[in-house]
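Listed here are the chains, written in short residue letters.
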Amino acid sequence: MSKKLIHAAVMAALLAVPAASALARQAPTSAAQAAAVSVDKARIDAALKAMVDSGRAVGVSALVWADGRERYFGTAGMADREAGKPMRRDTLVQIYSMTKPVTGVALMQLWEQGKFGLDDPLSRYLPEFADIKVIDGQGGTRPPARPILIRDILRHTAGFSYGMRDTAADAAFNAADPLNLHNDLTEFGRRLAKVPLLYDPGERWSYSAAVDVQALLVETLSGQPFEAYVKAHILDPLGMKETAWTQPESAFPRMAAVYNKGPDGKLAKEDAAETRLMNFDPARRMTMGGAGLAASIDDYARFTRMLLGGGSLDGMKILNPSTVRLMATDHLDARVTDRWWLPSKGSVGFGFDFAVRVKQPQTPDENRGAVGEFFWDGRDSTLFWVDPVNRLTAVFFVQTFPFDATLHHDLRAAVYGPDYLGPKGD
């Protein structure tokens, strides 16, 4: 089992501190721009081309929807350079952690049905977590200061590990191997519950396997396999016909190749056998809540348009508008000052499976965006955001690993304009 795949969901953000962009970065030359965004096709086309020409990506695509219609779609480069396949509208990509918001929507559907309360202890529904311990800093463990609440697994404050740090808890996580693709979600939960927490619940923001716990909770509360639940209650109703954890073999020719950046800075194609593991391996039993979906750009845009529409799209209601607002509100207490790498995403807090912009961009290097937007990204540098202020949503597809934050900076600068700050908001 590939260590790279086990930790797919976390790698994007661990490497998300922006590096120097290929586009010139200058301080804003005018006062804060709060006017409506005007989508400039030529500017976005140029940004996508520059990503490929600079060697930061082999192929990219972007779709922008605003004011009720598509305002931009474009591609640059190749989905599979070696096979001579260009990036196209029907190209499929592995979206990794952009799976997380889909899982969050599934869980919040069950919340709307009264299946649980946000402040219920997790162990009420998943009793294997009743006796979980916390690393005590002295080589031992102790009981947590309070139980893990369901809202903790939604906002990454549960204290779970992802196996990516040099701590005893991370070593225990790696030894337990809960996200091995040959485990089902029940086995995942059994193994994770034996791994001590990094911190007391609610104490710190720490990106983790919490969204996979959400998937297990969906499975438990709904009585359906997680993959079947999501298909029946989100993907099929939204017409996301090509989005799935389990893809048919006939879809593989349309999968974008993953390109890994080597020590020389050049992108080399991942072995096809590695690419197949997440979506085409019949031996896979794991349906991760935190990663695993492969999608087309139009499919994922339908998901983001549903969010922009307050939980509904084309007459199909997925969530209540108030539930979308709840998910897209910063839920981090001001006392939660240890937020690992979250500040690298910009002036953001965190809601339920979304980062949420809480301030205007503070520096020229920070991604452009409007207060109140919510977003997330994926290990191979994919991105989406939802901007209610400008009635806009955007989806960006690429398969560059490690995560390259300069791609996001340049796309957002192209969509909004490099000086855009948006309204001050709250």
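The following refers to the structure shown. Predicted model only: the values in this text are computed from it and were never measured.

What follows is about the overall build of the protein. Regarding its fold elements, the protein presents 13 helices and 17 strands. Scaling as 2.2 N^0.38, a compact globule of 426 residues should have a C-alpha radius of gyration of about 22 Å, and the protein matches this with 20 Å. With respect to the three principal axes, the spread of C-alpha positions in the protein is 55 × 45 × 45 Å. Across the 426 residues that make up the protein, the buried fraction comes to 58%. For the protein, contacts bridging at least 24 residues in sequence account for 72% of all contacts bridging at least 6. With the model as given, the accessible surface of the protein reaches about 15,800 Å², and the carbon-plus-sulfur share is 52%.

What follows deals with the packing of helix α7 (residues 185–192) against helix α8 (residues 210–222). Between α7 and α8, the least distance of the axes is 10 Å, while the angle of their chain directions is 125 degrees. Classified by the angle between their axes, α7 and α8 sit oblique to one another. Considering the relative orientation of α7 and α8, their crossing is left-handed. Two secondary-structure elements touch here, α7 through Leu185, Thr186, Phe188, Gly189 and Leu192 and α8 through Asp212, Val213, Ala215, Leu216 and Glu219.

Further remarks concern the nonpolar core. Judged by nonpolar contacts, the single largest core of 118 residues is most densely connected at Leu48, Ile153, Phe160, Ile234, Phe303 and Phe396. Among the elements that take part in this core, α8 stands out by supplying seven residues, more than any other. Contact partners of Phe396, with chain neighbours within four places excluded, come to Leu48, Met51, Val60, Ser61, Ala62, Ser381, Thr382, Leu383, Leu407, His408 and Leu411. Core analysis: the next-biggest nonpolar cluster, separate from the first, contains six residues, Leu92, Ala251, Met255 and Phe280 among them.

So, about the sheet that holds strand β17 (residues 400–401). Strand order in the open sheet formed by three strands is β8-β7-β17, and the pairing between neighbours is mixed. Each end of this open sheet is capped by a strand with a single partner; those strands are β8 (267–269) and β17. With three bridges connecting them, strand β7 (residues 259–261) and β8 associate as antiparallel partners. By the bridge assignment for β8, Asn260 is matched with Ala268.

With that settled, consider the sheet that holds strand β15 (residues 383–387). One open sheet accounts for eight strands, arranged β3-β2-β1-β16-β15-β14-β13-β12; its pairing is antiparallel. On the outer flanks of this sheet lie β3 (85–86) and β12 (348–350), each paired with one strand and no other. Inspection of the sheet shows strand β2 (residues 69–80) paired to β3 by two bridges, in the antiparallel sense. By the bridge assignment for β3, Asp80 is matched with Lys85.

Here the focus is the side chain of Thr382. With respect to the secondary-structure elements, Thr382 resides in the loop between β14 (374–377) and β15. Of the residues examined, Thr382 reaches a relative accessible area of 1% and is grouped as buried. With residues near it in sequence (within four places) discarded, Thr382 still touches Val93, Gln94, Ile95, Met98, Asp377, Phe396, Phe397, Val398, Gln399 and His408.

It is worth spelling out the packing of aromatic side chains at this point. Inspection of every chain in the model, using the stated rule, returns 18 aromatic pairs. Relative to Phe160, the ring of Phe129 has its centre 5.7 Å away and its plane inclined at 70 degrees; by these criteria the two rings are edge-to-face. Of this pair, Phe129 sits in the loop between α4 (100–112) and β5 (134–135) while Phe160 sits in the loop between α5 (150–155) and α6 (168–176); the two residues are 31 residues apart in sequence, bridging distant segments of the chain. Relative accessible area serves as the criterion here: at 1%, Phe160 is assigned to the buried category. Clustering of aromatic rings is evident, with ring pairs tying together Tyr162, Trp205, Tyr207, Trp340, Trp341, Phe350 and Trp376.

Cut-off values and rules
Residues numbered from 1 in each chain as written. Predicted model: local features only at pLDDT ≥ 70, side-chain atom pairs only at ≥ 80, totals over all residues. Heavy atoms only, no water. Helix = DSSP H or I, 4+ residues; strand = E, 2+ residues; numbered from the N terminus. Rg over C-alpha atoms; globule rule 2.2 N^0.38 Å. Buried < 20%, exposed > 50% of the residue type's maximum accessible area, 1.4 Å probe, protein only. Contact = heavy atoms within 4.5 Å. Areas by Shrake-Rupley, 256 points an atom, 1.4 Å probe, with all protein chains shown as cover. Axes fitted to C-alpha atoms, helices over the stretch in contact; angles between N-to-C directions. Parallel < 35°, antiparallel > 145°, perpendicular 65-115°, else oblique. Left-handed = near helix turned anticlockwise from the far one by under 90°. Core = buried A, V, L, I, M, F, W, Y, C linked by side-chain atoms within 4.5 Å. Pairing = 2+ DSSP bridges. Phe/Tyr/Trp six-rings, centres within 6.5 Å; stacked < 30°, edge-to-face > 60°.

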